[in-house]
Amino acid sequence: MASARVDILGVGFDRVDLAAAAERIIERHAAGQRTFVITANPEFVMLARRDAELGEIARAANLVVADGTGILVASRVLRDALPGRVPGRLLVPAVLQLVSGPVFLLGAAPGVAERAAETLIRRIPSLRVAGTHAGSPAPEDDASIRERIEAAGARVVLVAYGMPAQERWISRNLPLLASVRTAIGVGGVFDQLAGRVRLPPRFVHAVGLEWLWRLAFEPRRWRRQRVLPVFAALVARQRILGR
Ligand code: UDP
């Protein structure tokens, strides 16, 4: 029998596509269970390889999904194919359509989360936004941010501090947030919803080249995407040597 998660260079990915990921989150939410969701890409995997604590955070997360083509291709190369991509920008509206209770948008530059919230409310009129806060991922700010989220009565927290700061933040704080059931690290999703970054046309998404599109329009990603050839080489090695 296949193991529970697909192992990509030491990070386990849940065998879910977008619909199944949203469904799992919503079911757990409805049952009152806490859920920590990581939307991980090859850069995350490379960070987790070098950082044992981050690897442990990924193991302990309740759902780790493949945010993008790189992970999907890697899973196929390793002959343990994941069923589909789960981009954060599609997972967020899919979850918020169905989840009950107010949502808090934490992170991104000042004003961005507010605009992202406006976009979400336009798309999902039933959505209740408990609050937004640019905040800071620094641990010394944790307590005051938790107070804000609790005071707002949030059930869902979306955290846009970029990886791995957002995953560390959720790992430290979710167990201490009594009102919150679901927390998702969403990276640049608020920037996308706020119209700060140019979204790729549908065909670019369909052929799996969103990463190339983002690279072209967000050149600061060059530095981070330098790890991708190493990722590809390590995946090839894992296939040849097995685990
Ligand atoms: N960010 C933030 N505080 C920080 C660092 C980053 O709010 O200290 C925000 C940033 O404004 C952006 C998001 O985190 O909205 C990271 O976006 P990116 O596309 O880099 O996400 P990643 O690909 O790292 O998940």
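These numbers come from a predicted model, not from an experiment. Throughout, a residue's number is its position along its own chain's written sequence, starting from 1. Thresholds applied to this predicted model are a pLDDT of at least 70 for local features of residues and 80 or more for the giving and counting of side-chain atom pairs; totals over whole chains, interfaces and linings are not thresholded and use all residues. Hydrogens and water molecules were not included; the side-chain quantities draw on all heavy atoms of the structure.

Draft legend 1. The pattern of salt bridges, seen in detail. Throughout this description, the term salt bridge denotes a Lys or Arg side-chain nitrogen within 4 Å of a carboxyl oxygen of Asp or Glu. All chains considered together, the criterion is met by ten salt bridges. Asp14 is paired through a salt bridge with Arg24; the nearest N and O atoms lie 3.7 Å apart. Residue Asp14 is found in strand S2 (residues 11–14), and its partner Arg24 is found in helix H1 (residues 18–30); the two are separated by ten residues along the sequence. Between Arg172 and Asp142 there is a salt bridge; the shortest N-O distance is 2.6 Å. One end of the pair, Arg172, is in helix H8 (residues 165–173); the other, Asp142, is in helix H7 (residues 142–151), with 30 residues separating them in the sequence. Only protein chains enter the accessibility calculation, which uses a 1.4 Å probe; a residue whose area is less than 20% of its type maximum is buried, one above 50% is exposed, and one in between is partly exposed. What makes Arg172 partly exposed here is its relative accessible area of 29%. Classification of Asp142 by relative accessible area gives buried; the value is 6%. Labels follow the DSSP assignment, with helices taken as runs of H or I lasting at least four residues and strands as runs of E lasting at least two, numbered in each case from the N terminus.

Draft legend 2. Geometry of a nonpolar patch on the surface. Patch criteria: residues need more than 30% relative accessible area and no salt bridge. Like-charged residues are merged within 9 Å; nonpolar side chains of Val, Leu, Ile, Met, Phe, Trp and Tyr are merged within 5 Å. We get accessible surface area from the Shrake-Rupley algorithm with a probe of 1.4 Å; when it comes to residues, only the shown protein chains can shield them. Together, Phe203, Val207, Leu209, Trp211 and Leu212 give the surface a local cluster of nonpolar side chains, amounting to about 490 Å² of exposed area. Here Leu209 is to be found in the loop between helix H10 (202–206) and helix H11 (210–217). The class for Leu209 is partly exposed, based on a relative accessible area of 36%.

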